[in-house]
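Examination of the molecular architecture
Each chain is listed here by its residues.
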Amino acid sequence: GLATILLVLVTGWLVLVARRQLTDLARTSQADFLYRLKRDFFSEETRKLIFLLDYDLLEFHRGEIAYFRILRQKTDDTESRLNDLDIKGDTLSTHVMDDFLIGPLEDVAILEDRKRVTLEDVYEIFDYYISLCTEKQPVLDYVKWVRAELPENEDIYDNLFRLHEKLKKKGPELRKKKSQG
């Protein structure tokens with residue numbers, strides 16, 4: 001009688017405590033994963049690439065060895081801004097763009113598609129950089145070129161462009177939700 005009822009109540013309470021702890025652990029794990037993803041993305045090299053794209057200081061050049069040309073003379077103070085960020089040279093390898101900016105954002109798109117990260121988190125952390133990479137002409141020219149160059153590359157960065165469209169579509173809703181707290 002009474003012992004059974006107490007046992008059921010204690011067991012129920014333990015289940016609730018365990019469930020809460022597992023939920024908290026999952027949230028912590030997700031937050032840690034996002035923190036590491038963000039930390040790994042924002043490297044010195046990535047900041048340089050973002051700066052160059054942000055200020056339209058890159059131009060894509062096709063060829064046997066394709067590359068991006070850095071437009072060092074665009075304005076009177078361009079050179080000093082490039083020096084501030086320790087950006088040397090006049091060209092940039094497509095591999096650098098792939099490895100440090102477009103590729104990691106493609107990975108974010110794949111993670112979002114597989115529900116490893118939420119669209120809301122992607123919006124908060126990466127929306128601006130995804131837009132930068134999917135709207136700026138040098139990157140568009142490069143992606144078009146790399147897709148045309150090899151048939152097996154026809155779908156390269158498709159996940160990134162799909163995610164960009166999803167963010168554009170859902171952006172107003174996400175901003176509204178965010179502003180409402």
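Residues numbered from 1 in each chain as written. Predicted model: local features only at pLDDT ≥ 70, side-chain atom pairs only at ≥ 80, totals over all residues. Heavy atoms only, no water.

Each helix and strand in the chain was counted, giving seven helices and three strands. The order of helices and strands in the chain, counted from the N terminus, is α-α-β-β-α-β-α-α-α-α. Surface exposure of the chain reaches about 11900 Å², of which carbon and sulfur atoms provide 54%. (Helix = DSSP H or I, 4+ residues; strand = E, 2+ residues; numbered from the N terminus. Areas by Shrake-Rupley, 256 points an atom, 1.4 Å probe, with all protein chains shown as cover.)

This part is about the pairing of strand E1 (residues 58–61). Here E1 shows a buried face lined by Leu58 and Phe60 and an unburied face lined by Glu59 and His61. The pairing of E1 with strand E2 (residues 67–70) spans four bridges and is classified as antiparallel. What sits directly across from His61, in E2, is Tyr67. In this structure, the hairpin formed by E1 and E2 is closed by a connection of five residues, where Gly63 is found at a positive phi of approximately 155°. (Buried < 20%, exposed > 50% of the residue type's maximum accessible area, 1.4 Å probe, protein only. Pairing = 2+ DSSP bridges.)

What follows concerns the packing of aromatic side chains. For any pair of aromatic rings, the description consists of the separation of the ring centres together with the inter-plane angle of the planes. For the structure on display, the rule yields eleven aromatic pairs. Centroid distance Phe51 to Tyr55: 5.0 Å. Interplanar angle 45°. Geometry classified as tilted. Assessed through its relative accessible area of 16%, Phe51 is described here as buried. Feature note: the residues Phe41, Phe42, Phe126, Tyr128 and Tyr129 constitute an aromatic cluster, connected by ring pairs. (Phe/Tyr/Trp six-rings, centres within 6.5 Å; stacked < 30°, edge-to-face > 60°.)

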